[in-house]
Amino acid sequence: MPGNEWQTKQQRLTAFLTRHDLDGVLLTHRNNFAWVTGGRDNHIANNSPVGVASILATRDGKRVCLANQIEAPRMRQEELSGTGIETIDFPWYDARAASDTVRDVVAGRNIATDSETFGLPLAPVPGDFAELRWSLLSAEIERYRDGSRRASDAIEAACREVKPGMTGHEIAGILDHHVHAKRLNPVVTLVATDDNIESFRHPLPKNTPIQRTAMLVTCAEFGGLIPCVTRFVHFGPMSAERKAKQQAICDIDTAVNFATRPGWTLGDIFSDLQKAYAQRGHDGQWRSHHQGGSTGYAGREAFATPLSMVKVLENQAFAWNPSIVGAKQEDTILCRRDGIEVLTGPSNDWPQVTGRYAEQELQRADVLVL
């Protein structure tokens, strides 16, 4: 981890520990492990938010990794190599030995944990710990830019391989192949075809063959940070109604992205979003699906709701996903002091449409027509 990233995170952690009268935290959740180690990975099972190694981070700046004898060699030789973080192991088959090892490392200090306690009476980490992750540092932003470009390239490459007659499962396999090929870990893969796009806002891949339209969605992890992207493919000419819906959702998406400003609450942004839906002739469509919110080390760190008082921070990432029946937009952006940066924006050879709202314009991903 770059020195300035380590130092700033330690400053945030020390302030947090002081505020809660703690000596340290034991972090096992994948997103917390990634944050405290500068993007390192402790996962095995992709369907669990809990990893297989823990980091004890203390007020005096010490970091120690705790892992069983299966995972410890990989932590030492791969994940934590060069970080200066010591790895202490314990037998995978002996719960008492694991508990004794952790007890010795904790050494009677006041430690809170975000997950497994190893049989020790540790208090849960206070809920505001996640906020330490929200405002990204320069090194994190560079990792996010890299991962976002990879995610965008992966989903666009997958879209170009879609053919009529493929099932949702086949398309999902193509998408995950390209995500892995770009060295990302797919944590969410959604695919919808034809009627399912209009029926469900959260469509899982099914065995139904595509005839005309497919929607592909990926949330893929790179260095602990998660870019979120949606793209559409269509075969044959698009109807005037479909084109009108695409323009409308791009305008709505433009509105919510430009409304994302430091100091605004998620409720403030939601108000602008509701107005945009109404002005584009789709009043109330926001009720059918969540509209997204802040992202980063989680697919969504905080979901936006009409009454949310959560404030936007400078250098915080967002993934808005407004949708109407049959149409959706989603890219990951960075909220800067001087405006937004679209991290997963469409590549130069991907079709684009100009989203317009309140005299503002933003290039958005159009439907790929094959």
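Here the structure is a predicted model, which is why all the values come from computation and not from measurement.

Here we come to the overall build of the protein. If you tally the helices and strands in the protein, you get nine helices and 19 strands. A globule of 370 residues ought to have a C-alpha radius of gyration of about 21 Å, and the protein, at 22 Å, matches this closely. Expressed along its principal axes, the backbone C-alpha trace of the protein runs to roughly 70 × 45 × 30 Å. Here the protein, with 370 residues, has 57% of them falling under the buried criterion. Entry remark: accessible area of the protein is about 15,600 Å², with carbon and sulfur atoms responsible for 50%.

Moving on, we come to the sheet that holds strand β8 (residues 213–221). Pairing between the strands of a sheet comes from backbone hydrogen bonds, and it takes one of two forms, parallel or antiparallel. If you walk across this open sheet you meet the four strands as β7-β8-β9-β19, and the pairing is mixed. In the strand order of this sheet, the two ends are held by β7 (185–193) and β19 (368–369), each with one partner. For strand β9 (residues 228–234) and β19, the ladder comprises two bridges, and the chain directions are parallel. Across the sheet, Val-233 pairs through a bridge with Leu-368, a residue of β19. Packed on one face of the sheet, helix α5 (residues 138–161) meets β8, β9 and β19 and runs near 20° to β9.

Right, let's get into the layout of surface pockets. If you add up the space inside the largest pocket, you get close to 410 Å³. Forming the boundary of the largest pocket are 25 residues, of which Val-187, Val-188, Cys-219, Ile-226 and Gly-299 lie nearest the centre. Among the residues forming the lining of the largest pocket, the class breakdown is 10 nonpolar, 10 polar and five charged. Computed from the structure, the second largest pocket encloses a volume of approximately 290 Å³. Elements represented by at least two residues in the lining of the second largest pocket include exactly α7 (195–199) and α8 (240–258). Partitioned by chemical class, the residues of the lining of the second largest pocket number four nonpolar, four polar and seven charged.

At Arg-183, a position not held by glycine, the phi torsion is positive, near 70°. Tracing the backbone shows Arg-183 in the loop between α6 (168–181) and β7. A relative accessible area of 59% places Arg-183 in the exposed class.

Pairing is mixed in the open sheet, where six strands are placed in the order β4-β3-β2-β1-β5-β6. Pairing within the sheet leaves two strands with one partner each, and these edge strands are β4 (86–90) and β6 (123–124). Bridge count between strand β1 (residues 24–29) and strand β5 (residues 111–113): three bridges; the pairing is parallel. Note on β5: the bridge partner recorded for Gly-24 is Ile-111. Against the sheet, helix α3 (residues 72–79) touches β2 (50–58), β3 (63–68) and β4, its axis set at about 165° to β4. In the packing of helix α4 (residues 95–106) onto the sheet, contacts are made with β1, β2, β3, β4 and β5, and the angle to β4 comes to roughly 150°.

Further remarks concern a nonpolar patch on the surface. Together, Ile-70, Trp-92 and Tyr-93 make up a nonpolar patch on the protein surface, roughly 420 Å² of accessible area in all. If you trace the backbone, Ile-70 turns up in the loop between β3 and α3.

What follows covers empty space enclosed by the protein. Summed over all chains, the structure comprises two cavities of 30 Å³ or more. Forming the boundary of the largest cavity are Ile-197, Phe-200, Arg-201, Met-215, Ser-323, Ile-324, Gly-326, Ala-327 and Lys-328. Mapped by element, the contributors of at least two residues to the lining of the largest cavity are β13 (323–324) and β14 (327–328). Each residue belonging to the lining of the largest cavity can be placed in one class, and the counts come to five nonpolar, two polar and two charged. In this structure, the second largest cavity encloses a volume near 40 Å³. The wall of the second largest cavity is formed by Thr-230, Arg-231, Phe-232, Gln-246, Lys-328, Gln-329, Ala-365 and Asp-366. Of the residues in the lining of the second largest cavity, the class split is two nonpolar, three polar and three charged.

Basis of the calculations
Residues numbered from 1 in each chain as written. Predicted model: local features only at pLDDT ≥ 70, side-chain atom pairs only at ≥ 80, totals over all residues. Heavy atoms only, no water. Helix = DSSP H or I, 4+ residues; strand = E, 2+ residues; numbered from the N terminus. Rg over C-alpha atoms; globule rule 2.2 N^0.38 Å. Buried < 20%, exposed > 50% of the residue type's maximum accessible area, 1.4 Å probe, protein only. Areas by Shrake-Rupley, 256 points an atom, 1.4 Å probe, with all protein chains shown as cover. Pairing = 2+ DSSP bridges. Contact = heavy atoms within 4.5 Å. Axes fitted to C-alpha atoms, helices over the stretch in contact; angles between N-to-C directions. 1 Å grid on protein atoms, 1.4 Å probe; cavity = no way out; pocket = protein on both sides within 12 Å on 5 of 7 lines; lining within 4 Å. Points joined across faces, edges and corners; volume = space filled by probe spheres on them. Nonpolar A, V, L, I, M, F, W, Y, C, P; charged D, E, K, R; others polar. Patch = residues over 30% accessible without salt bridge, like charges linked within 9 Å, V, L, I, M, F, W, Y side chains within 5 Å. Salt bridge = Lys/Arg side-chain N within 4 Å of Asp/Glu carboxyl O.

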